[in-house]
Amino acid sequence: MNSSLLSGLNPEQRQAVTLPHQSALILAGAGSGKTRVLTTRIAYLISSGAVSPHGILAVTFTNKAAKEMVTRLTAMLPINTRGMWIGTFHGLCNRMLRAHFREANLPQTFQILDSGDQLSAIKRLMKAMNVDDEKFPPREVQSFISGSKEQGLRASEVEAYDPYTRRKVEIFAEYDAQCQREGVVDFSELLLRCYELLSRNAALREHYQERFKHILVDEFQDTNKLQYQWLKLLAGNNNALFAVGDDDQSIYAFRGANVGNMQELTRDFHVQNVIKLEQNYRSHGNILDAANALISNNRNRLGKNLWTSESGGEQLRVYEAETDVDEAKFIVEEIQQLKRDGVNLTEMALLYRSNAQSRVLEHALVSAGLSYRVYGGLRFFERQEIKHALAYLRLMENTDDDNALLRIINFPTRGIGTRSIEQLQEAAKMNSTTLFDAAARAGGKVSAFVGLIESLRSATRELPLPEIMDHVLDHSGLIAHYQNETGAKKRESEERLENLNELVNAATMFVHEAEDDSLTAFLTHASLEAGEHQAGDSEDALHLMTVHSAKGLEFHTVFITGLEEGLFPHQNSQREDGGLDEERRLMYVALTRARRRLYLSFAQRRMLHGQVSYGMVSSFLRELPEGLLHWITPRFSARKTFDTSSFETNSYVNAFASGAPEKTQPLPHAVWRIGQRVFHQKFGEGVITGIEGSGADARVQVNFKRAGSKWLALEYAKLTAV
DNA sequence: CGCACGTGGTTTTTT
DNA sequence: ACCACGTGCG
């Protein structure tokens, strides 16, 4: 065994890595070497002879994490990881379903619907079922279906107590039937189908249980119910489930993640002692102390306190801006100074709670000539032109795929209008056939389209993937379509052409790298790894992203922006149960991204949804110990509760711009205006965000820190200015 | 068919 | 403010 594997590990890490064959829960704090432990554990198991690479199943959430694991593993061990089962839940389920497509009752070349494809499939179905999409918004139906599947439930198993839900269940059932007819599966179906395959087929289940002696899971706190059931099934009675996670970083409950799985795991797998990795190798002391103080306000934690052997380092820098624009200006100045001090732009990140906040920041960065990259935009394989190109390939692979057919039957336009398509759909329904079969029986332009697909298929049958791609782009008319674009759309089309060219490159790369270089494999890759294909990493550029997408990353300097009540924590989170705790974990994630320097900023007013909104400083900022903070602007300058004079000198340009007459001030000494901080006996502290009416009818809208937004009649409500 | 205009909505996101 | 989407017209 390679003993150098263990060198440099702290006692807890070492304990985790060298555990005997037993299930374990590793509570791994931010920056505590989680990925290192996971990969070293695998390397340890293999090199000590406990298990062969063949017997390992390692599961992650993102392709990036899976790739990272493989990279680190190959650096540690001279083994071929190709035969190993390391991947995302979806990737691994796909792999099993491909291997056992018959048992899973799927066509060999089943295609995967991404969320966009799924939504259009649902819309199409609802139209066919005559469902009112006002009463049943397709997006809601979509999340109902995915949500149910992620709970492990089929339509027949969902409990519906009201007509509304019953109707959604009907749509759910029809939707699954439609997918089955068309030979496609959506993301959650990959998991559910795989789960059902294993639970119904004892021979297969036993085969895999026999094989995967060690199952390792990353980011376990993010697993949903179905994923946990799937893991339990594979673990059986004898295999070791090694789960690594951090309940304090659970920020995806809104999409079905169930932190409760951590407690369930300790029960179900009789985990005696949870190993805690609490030494943080990332951040300076003050940053960690702030993070610890913040998260200690959450209840129901498994309990864990990060520490570091590093010194305290700098205090956290706090900046109160008058407006969002000023906030951005300040950040830009700081970045320029940091740059002069020798910090690379790549080592800095600007974090925000919601994507809309990036605009102002971007604007300031552009004016200052600073290069940046916004993460989480439109992904390569989700671009319209790419989806069109892939739809041709999909239809060639599987003519049952009505979704693909509808996408391209008239793109580029070939004179097949809405009417012809409707007729086609009627004919298909009448004869219970696919659209493609119906089209084959039609005449004129429609059958010409069928001919096109068939000729594409026969012409490319023997070709390698990149050449198939080339041929299809050419002969489908896609290239010509974008080349012919002139005028306003010219630029856009040029970019699309570049992307199509890039698609051929992607196919070439894929053929070189993948074990299986078939067209089906490439299409799967496109659905499952839509985001992986992004260019332009090399440039020294700032990182702009939401706090969510920052999870797992670290930077020398981090700016957490928009620390205002209602924004972060977000307004909508207050309605949901446990919403505020999740927001706090989000803030915890944000804080722990920084290694050396952390900026926390907020603005007194900002543009939101097209109008000026006035916010109060985030309660999260107040939860940080004063001693760790360095206020760049005077502490709560304009809002000290005992000093309104400085507040009143602020120029609130549009305070009465909405046309409310001056006499909306019933109390002689109180000047009610937007932005005014007030106190209410019952609701507590708040800020006026709107004024309406006059005299006895005057009402003000107050955004209360605790109670949320309320309209109050000034005649009755006892408000005091603070 | 494609454009122009109107409407609604607007937390977070991976697969 | 801004964007995506849908409808109605030329």
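The structure this text deals with has already been given above.
Predicted model, so just to flag it, every value in this text is computed and none were measured. (Residues numbered from 1 in each chain as written. Chains lettered and ligands numbered in written order. Predicted model: local features only at pLDDT ≥ 70, side-chain atom pairs only at ≥ 80, totals over all residues. Heavy atoms only, no water.)

As a further point, take the protein's contact with DNA strand C. All residues adjacent to DNA strand C are R359, M607, H609 and G610. Among the atoms of DNA strand C lying within 4 Å of the protein, the sugar-phosphate backbone contributes 40%. Across the surface near DNA strand C, the residue classes tally to 1 nonpolar, 2 polar and 1 charged. (Near = heavy atom within 4 Å. Nonpolar A, V, L, I, M, F, W, Y, C, P; charged D, E, K, R; others polar.)

Every one of the 28 residues lining DNA strand B counts as a neighbour, but S115, R353, N355, N410 and T546 are closest to it. Sugar plus phosphate, as a fraction of atoms of DNA strand B within 4 Å of the protein: 60%. Interatomic distance of 2.6 Å between a side-chain N/O atom of T546 and a phosphate oxygen of DNA strand B. Taking N572, its side chain carries an N or O atom lying 3.4 Å from a phosphate oxygen of DNA strand B. (Polar contact = N/O pair within 3.5 Å; in protein donor to acceptor, adjacent residues only side chain to side chain.)

Sheet architecture is open: 6 strands sit in the order β3-β2-β6-β7-β1-β8, paired in parallel fashion. Both outer strands of the open sheet, β3 (85-88) and β8 (275-277), are each paired with one neighbouring strand and no more. When strand polarity is set aside, the average angle formed by the axes of neighbouring strands in this sheet is 15 degrees. Note: strand β1 (residues 24-28) against strand β7 (residues 240-245), 4 bridges, orientation parallel. Across the sheet, residue L27 finds its bridge partner in β7, namely G245. Seen against the sheet, helix α4 (residues 89-99) touches β2 (56-60), β3 and β6 (214-217) and runs at an angle of roughly 120 degrees to β3. (Pairing = 2+ DSSP bridges. Helix = DSSP H or I, 4+ residues; strand = E, 2+ residues; numbered from the N terminus. Axes fitted to C-alpha atoms, helices over the stretch in contact; angles between N-to-C directions. Contact = heavy atoms within 4.5 Å.)

We now examine the packing of helix α15 (residues 384-397) against helix α22 (residues 490-513). Working note: a packed helix pair is described by the angle between its axes plus the distance between those axes. At a closest axis distance of 9 Å, the pairing of α15 and α22 adopts a crossing angle of 45 degrees. One finds that α15 runs oblique with respect to α22. Seen along the crossing, α15 lies across α22 with a hand that is right-handed. Of α22, the residues touching α15 (which contributes Q384, E385, I386, A389 and L390) are R496, N499, L500 and L503. Residue composition of the contact of α15 with α22, grouped by class: 5 nonpolar, 2 polar and 2 charged. (Parallel < 35°, antiparallel > 145°, perpendicular 65-115°, else oblique. Left-handed = near helix turned anticlockwise from the far one by under 90°.)

Before going further, it helps to examine the pattern of salt bridges. Counted according to the given criterion, the structure contains 41 salt bridges. We note a salt bridge from E182 to R124, for which the minimum N-O separation is 3.0 Å. Placement of E182 in helix α7 (residues 163-182) and of R124 in helix α5 (residues 115-128) is noted, with a sequence separation of 58 residues between them. The exposure class of R124 is buried, given its relative accessible area of 14%. Between K168 and E140 there is a salt bridge, with the nearest N and O atoms lying 3.2 Å from each other. On the criterion of sequence distance, the pair formed by K168 in helix α7 and E140 in helix α6 (residues 138-150) is long-range, its members being 28 residues apart. Within the structure, one salt-bridge network assembled from shared partners comprises K149, R154, D176, D186, E189, R193, E196 and R200. (Salt bridge = Lys/Arg side-chain N within 4 Å of Asp/Glu carboxyl O. Buried < 20%, exposed > 50% of the residue type's maximum accessible area, 1.4 Å probe, protein only.)

A word on the nonpolar core. If you look at the biggest cluster of nonpolar residues, it comprises 48 residues, and the most contacted ones within it are F381, L390, L393, F449, I453, L503 and F522. Per-element tally for this core: the top contributor is α15, with 8 residues. Setting aside residues up to four positions removed in sequence, F522 forms contacts with F381, L390, L465, M469, L503, A506, A507 and F510. (Core = buried A, V, L, I, M, F, W, Y, C linked by side-chain atoms within 4.5 Å.)

Of note, the amide linkage connecting F411 to P412 takes the cis form, showing an omega dihedral of -5 degrees. For P412, the position within the fold is in the loop between α16 (402-408) and α17 (418-430). Phi angles above zero are rare outside glycine, and E219 is one such case at about 50 degrees. Here E219 is to be found in the loop between β6 and α10 (225-235).

Counted at 1.5 Å a residue, the expected span for α17 with its 13 residues is 18 Å, and the 18 Å between its end C-alpha atoms agrees. Burial in α17 covers these residues: I421, L424 and A428. The buried side chains of α17 occupy one side of the element, clustering within an arc of 55 degrees when seen end-on. Every exposed residue of α17 that faces more than 90 degrees away from the buried side is listed here: T418, K429 and M430. Structurally, α17 contributes buried residues whose contacts are with α16, α18 (435-441) and α19 (444-460). Just beyond α17, the residue with positive phi is S432, at close to 45 degrees. (Expected span 1.5 Å × (residues − 1). Arc of directions from axis to C-beta.)

A word on the packing of α5 against α7. One way to put it is that α5 packs onto α7 with a least axis distance of 10 Å and a crossing angle of 110 degrees. In terms of orientation, α5 lies roughly perpendicular with respect to α7. Helix-helix and strand crossings are classified by hand; for α5 and α7 the assignment is right-handed. For the pair α5 and α7, contact is made by Q118, A121, I122, R124, L125 and M126 and by I171, E174, Y175, Q178 and E182, respectively.

As a further point, take the pairing of strand β14 (residues 594-608). Strand residues, when the strand is regular, have side chains that alternate between the two faces of the sheet. Within β14, 12 of the 15 residues are buried, leaving the element largely enclosed by the surrounding structure. When strand β9 (residues 316-323) meets β14, the two strands line up parallel, connected through 6 bridges. Residue pairing for β14: T323 is matched across the bridge by R605. Across 5 bridges, the pairing between strand β13 (residues 555-560) and β14 is parallel. In the sheet register, F555 faces β14, and the bridge partner there is A594. What sits between β14 and strand β15 (residues 611-614) in their antiparallel hairpin is a turn of 2 residues, with H609 showing a positive phi close to 50 degrees.

The values are spatial; any link to function lies outside them.
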